Structures are given as C-alpha cells and as structure tokens.
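Given next are the chains, with one letter for each unit.
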Amino acid sequence: MSTHVQKPGWFTVNVLNRAVAWMTRRGISVWGSRVLAVRGRKSGQWRTTPVNLLTVDGQDYLLAPRGHVQWTHNMRAAGGGELRLGKHVDVFAATEVADDDKVPLLRAYLKRWKAEVGVFFNGVGPDSPDAELRRIAPDHPVFRITIKS
C-alpha cells in the first residue's frame, strides 16, 4: 500500500477548510461538500473534516486527494461514519475501492474539482490517459459509501 500523503498548508487548514466546514455545518454545500465524521481508530472520539462527496452512476464515493491521511486510516478501521450537512446526518458504511477500479472515479473527481485539488495529483488531470490515472491510483484512497436506512 502506498504511504503517499500531502499535508495541507496553513491557508488550507486555517482559512479554506474552516470556511467550507463552517458553511457545510450550517447546511450550505459548496460543490457537494459535507463534513465527514469518523471515529478515531485509537481514541474512539469523533474526528471531523470537510470532504467532497462524489456521485458516479448513482453511487456515492469519498476520495482522498491528499493521499493516505488520518481520515482514511480511521475509515478503514471504523468501516463507516457520518456525512453531515447542516442538521442532516447520513450514517454510512464504507468499502474501499480497489486500485484497478479507481480510474473512472479519479477522472470524475478531477473533472469536478481539479481547480481545487489538481495540485495534489502531480500533473494528472481529467483528460489524462487511463494509464496515468492507474499509476496514481494507489496514492489516492477511494471509498464507496452506502447510506444506512
């Protein structure tokens, strides 16, 4: 498994993520934003972070543009979590997507959010050949999420 991680800069942590999370907590989705809540794998405490919810062919996914970050490790351990938008909370189960199945999901994610996250994909974009998307697939965890009723 890849250990690829790109740490966010000061502006992202202290301004951008906080602004998006603030709006999302108040029910305003910014291009599909949600607040992801996952139990910490060591502490058991809820950990939250803003994420972009990707929908492809009616199925929802969470993709980690920065790589194998804390929420991805927690998601693997917990097997699911909550997606929050304002007061609305969706409890979900998560299944990690295999690298070979990520190409169309990476392409769709980059088509939607390249301006926001393209820098984390080392020059690979939505129009890159499948081989390039497959090459970077191990560096970007993807989880298929299923909302529990």
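A few points on the structure.

Rules behind the numbers
- Residues numbered from 1 in each chain as written.
- Predicted model: local features only at pLDDT ≥ 70, side-chain atom pairs only at ≥ 80, totals over all residues.
- Heavy atoms only, no water.
- Helix = DSSP H or I, 4+ residues; strand = E, 2+ residues; numbered from the N terminus.
- Buried < 20%, exposed > 50% of the residue type's maximum accessible area, 1.4 Å probe, protein only.
- Contact = heavy atoms within 4.5 Å.
- Polar contact = N/O pair within 3.5 Å; in protein donor to acceptor, adjacent residues only side chain to side chain.
- Phe/Tyr/Trp six-rings, centres within 6.5 Å; stacked < 30°, edge-to-face > 60°.
- Lys NZ or Arg CZ within 6 Å of the ring centre and 35° of its normal.
- Core = buried A, V, L, I, M, F, W, Y, C linked by side-chain atoms within 4.5 Å.
- Expected span 1.5 Å × (residues − 1).
- Bend = angle between axes of the 7 residues up to and from the residue.
- Pairing = 2+ DSSP bridges.
- Salt bridge = Lys/Arg side-chain N within 4 Å of Asp/Glu carboxyl O.
- Axes fitted to C-alpha atoms, helices over the stretch in contact; angles between N-to-C directions.

Here's the deal with the environment of Arg39
Alright, step 1. Mapped onto the elements of the fold, Arg39 is located in strand β1 (residues 33-39).
Alright, step 2. Looking at Arg39, the relative accessible area reads 39%, which means it is partly exposed.
Alright, step 3. Each C-alpha atom, one on Arg39 and one on Trp71, is 8.9 Å from the other, the two residues being 32 residues apart in sequence.
Alright, step 4. If we ignore the near neighbours within four places in the chain, the residues touching Arg39 are Gly44, Gln45, Trp46, Asn74 and Ala78.
Alright, step 5. From its side chain, Arg39 meets the backbone oxygen of Gly44 in a polar contact 3.0 Å long.

Here we look at the packing of aromatic side chains
Two aromatic rings are characterised by how far apart their centres lie and by the angle between their planes.
Alright, step 1. Within this structure, the stated rule accounts for three aromatic pairs.
Alright, step 2. When the ring of Tyr109 is compared with that of Phe121, the centres are 6.5 Å apart and the planes differ by 50°; the resulting orientation is tilted. Within this pair, whereas Tyr109 is found in helix α3 (residues 103-117), its partner Phe121 is found in the loop between α3 and α4 (130-136), the two being separated by twelve residues in sequence. Note on accessibility: Tyr109 and Phe121 belong to one class, buried.
Alright, step 3. Positioned over the ring face of Trp46 is Arg84, at 5.6 Å from the centre of the ring.

A few points about the nonpolar core
The nonpolar side chains of soluble globular proteins are, as a tendency, buried together.
Alright, step 1. Grouped together as the largest cluster of nonpolar side chains are 19 residues, with contacts concentrated most on Leu54, Tyr61, Leu105, Leu106, Tyr109, Phe121 and Leu133.
Alright, step 2. The leading source of residues in this core is α3, at seven residues.
Alright, step 3. Every residue in contact with Leu54, bar those within four places of it in the chain, is listed here: Gln59, Asp60, Tyr61, Leu105, Ala108, Tyr109 and Trp113.
Alright, step 4. Grouped together as the second largest cluster of nonpolar side chains are 14 residues, Val38, Leu62, Val69 and Phe92 included.

Re α3
Alright, step 1. Taking 1.5 Å per residue, 15 residues should reach 21 Å; α3 reaches only 17 Å between its end C-alpha atoms and comes up short.
Alright, step 2. Lys111 marks the point of greatest bend in α3, at about 60°.
Alright, step 3. Looking only at α3, the buried set comprises Val103, Leu105, Leu106, Arg107, Tyr109, Leu110, Trp113 and Val117.
Alright, step 4. In this structure, the buried side of α3 is in contact with β2 (46-56), β3 (59-63), α4 and β6 (142-147).

A look at the pairing of β6
Alright, step 1. In this structure, β3 lies alongside β6, joined through four bridges in antiparallel fashion. Its bridge partner being in β6, Tyr61 is matched across the sheet by Arg144.
Alright, step 2. Judged from the five bridges that link them, strand β5 (residues 88-96) and β6 form a sheet pairing that is antiparallel. Bridge assignment links Glu96 to a residue of β6, and that residue is Phe143.

What about the pattern of salt bridges?
Alright, step 1. Applying the stated criterion across every chain yields a total of six salt bridges.
Alright, step 2. In this structure, Asp100 engages Arg134 in a salt bridge whose closest nitrogen and oxygen atoms are separated by 2.7 Å. Of this pair, Asp100 sits in the loop between β5 and α3 while Arg134 is found in helix α4, placing the two residues 34 residues apart along the sequence.
Alright, step 3. We classify Arg134 as partly exposed; its relative accessible area is 33%.

Some words on the sheet that holds β2
Alright, step 1. Within the closed barrel, the six strands sit side by side as β1-β2-β3-β6-β5-β4. Their pairing is antiparallel. Here the average twist between neighbouring strands, direction ignored, is 45°.
Alright, step 2. Sitting on the sheet, helix α2 (residues 70-78) touches β1, β2, β3, β4 (80-85), β5 and β6, and the angle it makes with β1 is about 60°.
Alright, step 3. Where α3 meets the sheet, its contacts fall on β2, β3 and β6, and the angle it forms with β2 comes to roughly 115°.

Purely spatial values, then, with no claim about function.
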